[in-house]
Amino acid sequence: MKIQEFTLGCLLLLGAVVSKGQNQWTEFGGFFGVSNYLGELQQVEFETSEIHPAYGVYMRSQVNRSIAIKMHFYKGTISGNDANYEGLLVRERNLNFESPLYEMGLQLEITLMKFGERQQRLAAPYLFVGCGIFHFNPQAYYQGQWIALQPLGTEGQGLPEYPERVKYSLVQASLPLGMGFNFMIQKKVVLGFEIGFRKTWTDYLDDISTTYPDIKQLEAMNPIAAKLSYRTPEYDDQAGSNPEGLDRGSSDDNDLYFFGGVTLGIVLNKQYKNDRRNYRKLVPQPGRGHLF
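Our subject in this report is the structure included herewith.

As for the packing of aromatic side chains
No. 1: Scanning the entire structure with this criterion turns up 17 aromatic pairs.
No. 2: Here the aromatic rings of F31 and Y74 are separated by 4.2 Å at their centres, their planes lie at 20°, and the arrangement is stacked. Taken together, the positions of F31 in strand β1 (residues 25-38) and Y74 in strand β3 (residues 67-81) put the pair 43 residues apart, joining distant regions of the chain. Judged on exposure class, the residue F31 and its partner Y74 are both buried.

Here is the structure:
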């Protein structure tokens, strides 16, 4: 499925949801948290040594008591390194990567309890699902500098011997899935916590997916590409010179990435500023509401 078709389908679906509801409030805020990924260069589900700061902005439209739509732009970093796993066989592969990651997404949030209404809860959990587009650019650290990997074709992309291997796009689609919790800490201030994984349709977030190409052929095309494709000799000087056909990664599963953190939003809807009667309908007043 093309990225454009995937995104258009999500926009139409979420637009249909919005059109059937009434906008109760609009909220604008920031996100501050962490990012991580799961792929060939992580041997555990959540590698703490590869956690990076992440941040972003969002706008949320509360459609009705249970449904909200959130548009966001997040920026994070993902990385992995075989050097994290001394004692495991994978250490000999000796690969590493780091990539900035920019995500623009649209999410449908389903609140599991009534939130922010008179005589109802000031705090509520929610689940979310949506669609996103992200940009990444995996790079490897080599001889004191970071080198972009996608243009090099480290798995033989561009070699006539591997016509089925084409260079992956640096812009991909994602499917955000996760959960969160919102607190209305003041009349117009919403504090939240969220955690979400992103399913992707690429196995190249880390530039690793399948088997080693013919390193001799790759070296003839680009010596740096060959060096960064097969880095075992840097770790073991007794390693063979050409691992053609051996596993470099596994193409059975696509890579995932993750955002988690805190959101802090301000209610913008003029209704809250100009009509306190309507505001009181939506937000519990002192002595009338409860947290749980």
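Let's talk about unusual backbone geometry
No. 1: Positive phi values are uncommon outside glycine, yet Q143 reaches one of about 50°.
No. 2: Mapped onto the elements, Q143 comes out in the loop between β6 (139-142) and β7 (145-148).
No. 3: With phi around 70°, D207 is a residue other than glycine that occupies positive phi space.
No. 4: Structurally, D207 can be placed in the loop between β9 (189-200) and α2 (215-221).
No. 5: You can call D207 buried: its relative accessible area is 2%.

Here's the deal with the pairing of β9
In regular strands, side chains alternate between the two faces of the sheet.
No. 1: Across twelve bridges, strand β8 (residues 171-186) lies against β9 in antiparallel orientation. Note that in β9 the partner of F181 across the bridge is F193.
No. 2: Adjacent in sequence and paired antiparallel, β8 and β9 are bridged by two residues.
No. 3: In terms of strand pairing, β9 meets strand β10 (residues 256-267) through eleven bridges, oriented antiparallel. Its bridge partner lying in β10, L191 is registered against L264.

Brief notes about empty space enclosed by the protein
No. 1: A complete count under the given rule lists three cavities of 30 Å³ or more for this structure.
No. 2: Looking at the second largest cavity, its volume works out to about 50 Å³.
No. 3: If you go around the second largest cavity, the residues you meet are L41, L95, N96, A140, L149, D206, D207, I208, L228, R231 and R248.
No. 4: Counted by class, the lining of the second largest cavity contains six nonpolar, one polar and four charged residues.

Conventions we followed
- Residues numbered from 1 in each chain as written.
- Predicted model: local features only at pLDDT ≥ 70, side-chain atom pairs only at ≥ 80, totals over all residues.
- Heavy atoms only, no water.
- Phe/Tyr/Trp six-rings, centres within 6.5 Å; stacked < 30°, edge-to-face > 60°.
- Helix = DSSP H or I, 4+ residues; strand = E, 2+ residues; numbered from the N terminus.
- Buried < 20%, exposed > 50% of the residue type's maximum accessible area, 1.4 Å probe, protein only.
- Pairing = 2+ DSSP bridges.
- 1 Å grid on protein atoms, 1.4 Å probe; cavity = no way out; pocket = protein on both sides within 12 Å on 5 of 7 lines; lining within 4 Å.
- Points joined across faces, edges and corners; volume = space filled by probe spheres on them.
- Nonpolar A, V, L, I, M, F, W, Y, C, P; charged D, E, K, R; others polar.

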